[in-house]
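What follows is each chain in one-letter form.
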Amino acid sequence: MSNNPSSQRAYTLFISLVAVIGGFLFGFDSGVINGTVKGLQTAFNSDSAGTGFNVASMLLGCAVGAFFAGRLADVFGRRTCLIIAAVFFSVSAWGSGVATDSFEFIIYRVLGGLAVGAASVMAPAYISEIAPAKYRGTLSSIQQIAIISGLFVAFLSNYLIAGSAGATTATFWLGYAAWRWMFWVELIPAVTFFFALLFIPESPRFLVAAGKKAKAIAILTRLCGEDEAKSTVAEIDASLAKDHHRPRFSDLIDQKKGGIRGIVWLGIGLASLQQLVGINVVFYYGAVLWQAAGFTESDALQINVLSGALSIAACVFATLKIDKIGRKPLLLWGSVGMAITLAVMAVVFAMAFTNADGDLDLKGNSGVIALVAANLYVICFNFSWGPVMWVMLGEMFPNQIRGTGLAVSGMSQWSVNFVVTMTFPMLLASIGLGGAYGIYAFCAALSIVFVLKFVHETKGIELEHMKG
């Protein structure tokens, strides 16, 4: 098996597919909240600020989970952190559905956030560390397909459950409200993830850093053959600190120039801008957004399903092309597309009339234009910043600082996500959809400059040759 290229590729693909179940749960856990907002408002009697915190509470856990997972993975291993995340996913899915008040709900959502944060940084890092450079981008970008698939399944599940019950607040099976069942569906992939992780190996690059070279060679032999395994272990060993100390946060400091390494600032910038363009407003508040634009609850949930399907198609395109086109061109094209489509949405929403009930009334073709622009925006994000940011974070850091670099970048990503998600209901109430989308359009335009000036291509470069 070790000298059979097809067997090696199949084994690598199997390991990657198990790891990206974490991405699927990341997407499902993020998207399931979309259809439960009205149920949460009714069950917990919360105002707009309270609802915003109920929705965004998971993101606090995400920031903490991403930060500590990156660091703990350097101590206990990538696979171990993913197993712990699977347990947290299961507990959160069950608890979010049984919660009786906002405080209890927030506790379970934060636990889910810890799992999402850990999976978001560990899955792409793990895949990048077991995949050959020639198709590392393709395998790593499957993470985003899994995330969007999780979102799509959550949207579809929400739609079907709400349709069967009559409304998200109506009683469904066994006397429980429909919105509670929306959370419980997640138990199926969460438990599957836990058991699947028991059948994959630890990252060979972690094993070398931990001084377990024999185990690393055994795993790499199954992945790429005996000769390449030995040479790869030697390169990994040479890429670590000269004194062979365990990775630590002080490694993020440039010992020659002083201050934080430029590659770390690049990671923070990529992670932050991915959220500042407002993508998760569409994912978390899609139903609320389209109802505010005059669509019915049923129509809004159907639009979410459409957006999810288009997102998957865009991610598949990125997966097929990322190792051919490269990371930087996809980021640039996506930034330009997002800036244009967000600007169109901002103008349409700003020019919309407000009816007697305070709801937007999109006259003429305005509703269609907004819907088309929104879905083009989702497509632009999902063939560019959606998958490419995670691919780059998983591969661009040198071996010595990959865990700690991911910890800082992941925490930044989820912290900005929290701010954007938490402020959207308040922006909606103060400056309206037009003003909110104007802010996101500006950030998308800013991302064009960022890509042109700071991003460097990583296509085809071995992890051991990444410069920090």
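Definitions and limits used
Residues numbered from 1 in each chain as written. Predicted model: local features only at pLDDT ≥ 70, side-chain atom pairs only at ≥ 80, totals over all residues. Heavy atoms only, no water. Helix = DSSP H or I, 4+ residues; strand = E, 2+ residues; numbered from the N terminus. Buried < 20%, exposed > 50% of the residue type's maximum accessible area, 1.4 Å probe, protein only. Contact = heavy atoms within 4.5 Å. Areas by Shrake-Rupley, 256 points an atom, 1.4 Å probe, with all protein chains shown as cover. Salt bridge = Lys/Arg side-chain N within 4 Å of Asp/Glu carboxyl O. Phe/Tyr/Trp six-rings, centres within 6.5 Å; stacked < 30°, edge-to-face > 60°. Expected span 1.5 Å × (residues − 1). Arc of directions from axis to C-beta. pLDDT = per-residue confidence, 0-100.

S.K.: Would you take a moment to explain the overall build of the protein for this structure?
M.R.: When you go through the protein residue by residue, the secondary structure sums to 20 helices and 2 strands. Out of the 468 residues belonging to the protein, those deemed buried represent 59%. Considering only contacts in the protein between residues 6 or more positions apart, those separated by 24 or more positions represent 81%. Of the roughly 17500 Å² of accessible surface on the protein, 67% is carried by carbon and sulfur atoms.

S.K.: Looking at this model, I keep getting lost on the pattern of salt bridges. Mind explaining?
M.R.: Pairs can form between side chains of opposite charge once their charged atoms are near each other. This model, assessed by the stated rule, comprises 5 salt bridges. Salt bridges sharing common partners tie together Asp74, Arg78 and Glu129.

S.K.: How should I be thinking about the packing of aromatic side chains in this particular structure?
M.R.: Considering all chains together, one arrives at 13 aromatic pairs under this definition. Measuring from centroid to centroid gives 4.9 Å for tryptophan 181 and tryptophan 184, while their planes differ by 85°, and the two rings are edge-to-face. Pair noted here: tryptophan 181 and tryptophan 184 are both in helix 8 (residues 178-184), with a separation of 3 residues, about one helical turn. Relative accessible area serves as the criterion here: at 17%, tryptophan 181 is assigned to the buried category. Among the aromatic residues, those joined into a ring-pair cluster are Phe26, Trp390 and Trp414.

S.K.: Is there a simple way to explain helix 1 (residues 5-19) in this structure?
M.R.: Every α-helical turn comprises 3.6 residues, leaving residues that sit three or four positions apart pointing alike. Between the first and last C-alpha of helix 1 there are 21 Å, a value that for 15 residues agrees with the 21 Å anticipated at 1.5 Å per step. Taken together, the buried positions of helix 1 are occupied by Gln8, Tyr11, Thr12, Ile15, Ser16, Val18 and Ala19. One side of helix 1 holds all its buried residues, which, seen down the axis, span an arc of 165°. Where helix 1 is buried, its residues touch helix 2 (21-31), helix 6 (102-130), helix 7 (136-165), helix 9 (187-197) and helix 11 (213-224).

S.K.: Quick question: what am I supposed to make of the environment of isoleucine 340 here?
M.R.: If you trace the backbone, isoleucine 340 turns up in helix 16 (residues 327-351). Through-space distance from the C-alpha of isoleucine 340 to that of phenylalanine 442 is 9.9 Å; in sequence the pair is 102 residues apart.

S.K.: Sorry, what's going on with the confidence of the model for the protein here?
M.R.: Caution applies to low-pLDDT parts of the model: their predicted coordinates are not meant to be read in detail. Across the protein, pLDDT averages 81, with 83% of residues at or above 70. Across the protein, the secondary-structure element scoring lowest on mean pLDDT is strand 2 (residues 360-361), at 62, and the one scoring highest is helix 9, at 94.

S.K.: Hey, could you run me through the environment of phenylalanine 105 in this one?
M.R.: Of note, phenylalanine 105 is situated in helix 6. On the basis of relative accessibility, which here comes to 0%, the residue phenylalanine 105 falls in the buried class. Separated by 47 residues in the primary sequence, phenylalanine 105 and methionine 58 place their C-alpha atoms 9.8 Å from one another.

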